[in-house]
Amino acid sequence: MALPMKRLAENATKLMKHWTSPSATACTRFYCQQAENGDVAAAKPFDTTLLKVLVCPVSKQPLRYDQTNNELISDSLGVAYPIRNGIPNLVPQDGRILDTQIPGAKPT
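Quantities reported herein were computed from a predicted structural model and do not represent experimental measurements.

Colleague: Quick question: what am I supposed to make of the overall build of the protein chain here?
Modeller: When its secondary structure is counted, the protein chain shows two helices and five strands. Along its sequence from the N terminus, the protein chain presents helices and strands in the succession α-α-β-β-β-β-β. For the protein chain, the share of sequence-separated contacts (at least 6 apart) that also reach a separation of at least 24 residues comes to 24%. When the accessible area of the protein chain is evaluated, it comes to approximately 8,500 Å², of which 59% is carbon and sulfur surface.

Take a look at the structure:
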């Protein structure tokens, strides 16, 4: 049992090194910009079946899909996570705070 766990840890480490490398980051940025600019022939749509397994990375609550803005919404936090080329970006720093008031809160 220890051997598969060791391989899993090694593969996870390799994957993290790859995705945090400058070349992978630049490549991801390039393709995201291409999709945003409409340069990609057909941007992939978001697969709504993922909503069954995806949760907010901060609150661990279910997310709601906003098709108009192409975002995943965390109603518990009031944060919208972008979807680019069909891939949800659930990095907390990339989330957009929504301009909504908490029910029952008094305006300041």
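From this point, the narrative continues.
Colleague: What should I look at first to understand the pattern of salt bridges in this one?
Modeller: Where charged atoms from two side chains of opposite charge come close, those side chains can pair. Under the defined criterion, the tally for this structure stands at two salt bridges. For arginine 64, the salt bridge is made with aspartate 75, and the minimal N-O distance between the two is 2.9 Å. Of the two residues, arginine 64 is situated in strand E1 (residues 64-66) and aspartate 75 in the loop between strand E2 (71-74) and strand E3 (79-84); the sequence distance between them amounts to 11 residues. For arginine 64, a relative accessible area of 40% puts it in the partly exposed group. As a salt-bridge pair, arginine 96 and glutamate 71 come within 2.6 Å of each other at their nearest N and O atoms. One end of the pair, arginine 96, is in strand E5 (residues 96-97); the other, glutamate 71, is in strand E2, with 25 residues separating them in the sequence. The exposure class assigned to arginine 96 is partly exposed, which follows from its relative accessible area of 39%.

Colleague: Whenever I open this one, the environment of glycine 86 confuses me. Can you help?
Modeller: One can find glycine 86 in the loop between E3 and strand E4 (87-88). With 41 residues separating them in the primary sequence, glycine 86 and proline 45 have C-alpha atoms 4.7 Å apart. Setting aside anything within four residues of it in sequence, one finds glycine 86 in contact with Lys44, Pro45 and Phe46.

Colleague: What is the right way to look at the pairing of E3 in this model?
Modeller: The side chains of a regular strand alternate, first on one face of the sheet and then on the other. Burial analysis of E3 places five of its six residues in the buried class, the great majority of the element. In this structure, E2 lies alongside E3, joined through four bridges in antiparallel fashion. For isoleucine 73, the partnering residue across the bridge sits in E3 and is alanine 80. Here E2 hands over to E3 after four residues, with glycine 78 in that stretch at a positive phi of 75 degrees. For E3 and E4, the ladder comprises two bridges, and the chain directions are antiparallel. From the neighbouring strand, arginine 84 faces E4, where its bridge partner is isoleucine 87.

Colleague: Just checking my understanding: could you explain the environment of aspartate 66 for this structure?
Modeller: By the element assignment, aspartate 66 lies in strand E1. Each residue touching aspartate 66, except ones within four places of it in the same chain, is listed here: Glu71 and Ile73.

Colleague: Would you take a moment to explain the packing of aromatic side chains for this structure?
Modeller: How two aromatic rings sit relative to each other is set out by the distance from centre to centre and by the angle between their planes. Evaluation of the coordinates by the stated rule reveals one aromatic pair. Look at phenylalanine 46 and tyrosine 65: their rings are 4.9 Å apart centre to centre, the planes differ by 40 degrees, and that puts the pair in the tilted class. Of this pair, phenylalanine 46 sits in the loop between helix H2 (22-36) and E1 while tyrosine 65 sits in strand E1; the two residues are 19 residues apart in sequence, bridging distant segments of the chain. Exposure remark for tyrosine 65: the relative accessible area of 22% places this residue in the partly exposed category.

So, how was this worked out
Residues numbered from 1 in each chain as written. Predicted model: local features only at pLDDT ≥ 70, side-chain atom pairs only at ≥ 80, totals over all residues. Heavy atoms only, no water. Helix = DSSP H or I, 4+ residues; strand = E, 2+ residues; numbered from the N terminus. Contact = heavy atoms within 4.5 Å. Areas by Shrake-Rupley, 256 points an atom, 1.4 Å probe, with all protein chains shown as cover. Salt bridge = Lys/Arg side-chain N within 4 Å of Asp/Glu carboxyl O. Buried < 20%, exposed > 50% of the residue type's maximum accessible area, 1.4 Å probe, protein only. Pairing = 2+ DSSP bridges. Phe/Tyr/Trp six-rings, centres within 6.5 Å; stacked < 30°, edge-to-face > 60°.

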